[in-house]
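Notes for the structure review
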Amino acid sequence: MKTILETSRLVFKEISLDLVDDMYMMYRMPEVHQYTGEPLMNSLEEMKKAIQARVENYSKYGYGRWAAFLKKDSQFIGWAGLAYLPEFDEIDLGYRFLPKYWGNGYATEASEAILKYGFEQLQLERIIAIAMKENKASIRVMQKVGMQFDKLAPYDSGGEDVVWYWCNQKLFRNFQASKPKGE
């Protein structure tokens, strides 16, 4: 698996079929999908197809969702990364972690590194993040990494509302510059 980026505690690599069992286990956990609007995976074959779609995105767009590992022991903890959403013509920052790793700041650490990568390495103009309005933890992560509220919109073709946040290069640079040293 190709390494994409690293933070002080995490390593992000391209997702491959080598991770089918780990990914399938995560995609079978109801608590992981509580705020995604997605159904649980029903088979390893379904998971393999989802992984293959991610692999295709790497070559099609030059980015994607990446497997996240703890740097200290190479333990798989979930995924984080960027995805092009053709239905909105937007690039989305997203993440999903195993519940035992929640509350450790990994989502914030990952999101900040991915925004930096997106703006500095990929030269993206704008990155969004979308969360169900009940997902207070994800909304807080968006705010902590300097993203700004954009709008409240219906999820898919109706249903529950989701919040949209956005960031561009200038906003991100200004946010980074305003942070106290060592944060």
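As a starting point, this report considers the structure included with it. (Residues numbered from 1 in each chain as written. Predicted model: local features only at pLDDT ≥ 70, side-chain atom pairs only at ≥ 80, totals over all residues. Heavy atoms only, no water.)

Some words on the pairing of strand β8 (residues 161-168)
One ladder, built from 7 bridges, connects strand β6 (residues 126-132) with β8; its direction is antiparallel. Directly across from A131, in β8, lies its bridge partner V163. Taken together, the 6 bridges between strand β7 (residues 148-154) and β8 define a ladder with antiparallel strand orientation. Its bridge partner being in β8, F149 is matched across the sheet by Y165. (Pairing = 2+ DSSP bridges. Helix = DSSP H or I, 4+ residues; strand = E, 2+ residues; numbered from the N terminus.)

So, the packing of aromatic side chains
On inspection of all chains with the given rule, the structure shows 9 aromatic pairs. Where Y61 meets Y63, the ring centres are 5.9 Å apart and the plane angle is 25°; that geometry is what we call stacked. For Y61, a relative accessible area of 26% gives the class partly exposed. Relative to Y117, the ring of W66 has its centre 5.5 Å away and its plane inclined at 85°; by these criteria the two rings are edge-to-face. Of this pair, W66 sits in strand β3 (residues 65-70) while Y117 sits in helix α3 (residues 106-121); the two residues are 51 residues apart in sequence, bridging distant segments of the chain. Of the two residues examined, W66 and Y117, each falls in the buried class. Cluster of aromatic residues (ring-pair linked, three or more members): Y61, Y63 and Y84. Seen from the ring of F69, K13 lies directly overhead, with NZ or CZ sitting 5.6 Å from the centre. (Phe/Tyr/Trp six-rings, centres within 6.5 Å; stacked < 30°, edge-to-face > 60°. Buried < 20%, exposed > 50% of the residue type's maximum accessible area, 1.4 Å probe, protein only. Lys NZ or Arg CZ within 6 Å of the ring centre and 35° of its normal.)

Observations regarding helix α2 (residues 44-61)
Over its 18 residues, α2 runs 26 Å from end to end, which matches the ideal 26 Å to within 8%, given 1.5 Å per residue. For α2, the set of buried residues is M47, I51, R54 and Y58. Down the axis of α2, the buried side of the element spans an arc of 55°, and every buried residue falls inside it. Facing away from the buried side of α2, by more than 90 degrees, are the exposed residues K49, S59 and K60. Close packing links the buried residues of α2 with β2 (10-14), α1 (20-27), β3 and β4 (76-85). (Expected span 1.5 Å × (residues − 1). Arc of directions from axis to C-beta. Contact = heavy atoms within 4.5 Å.)

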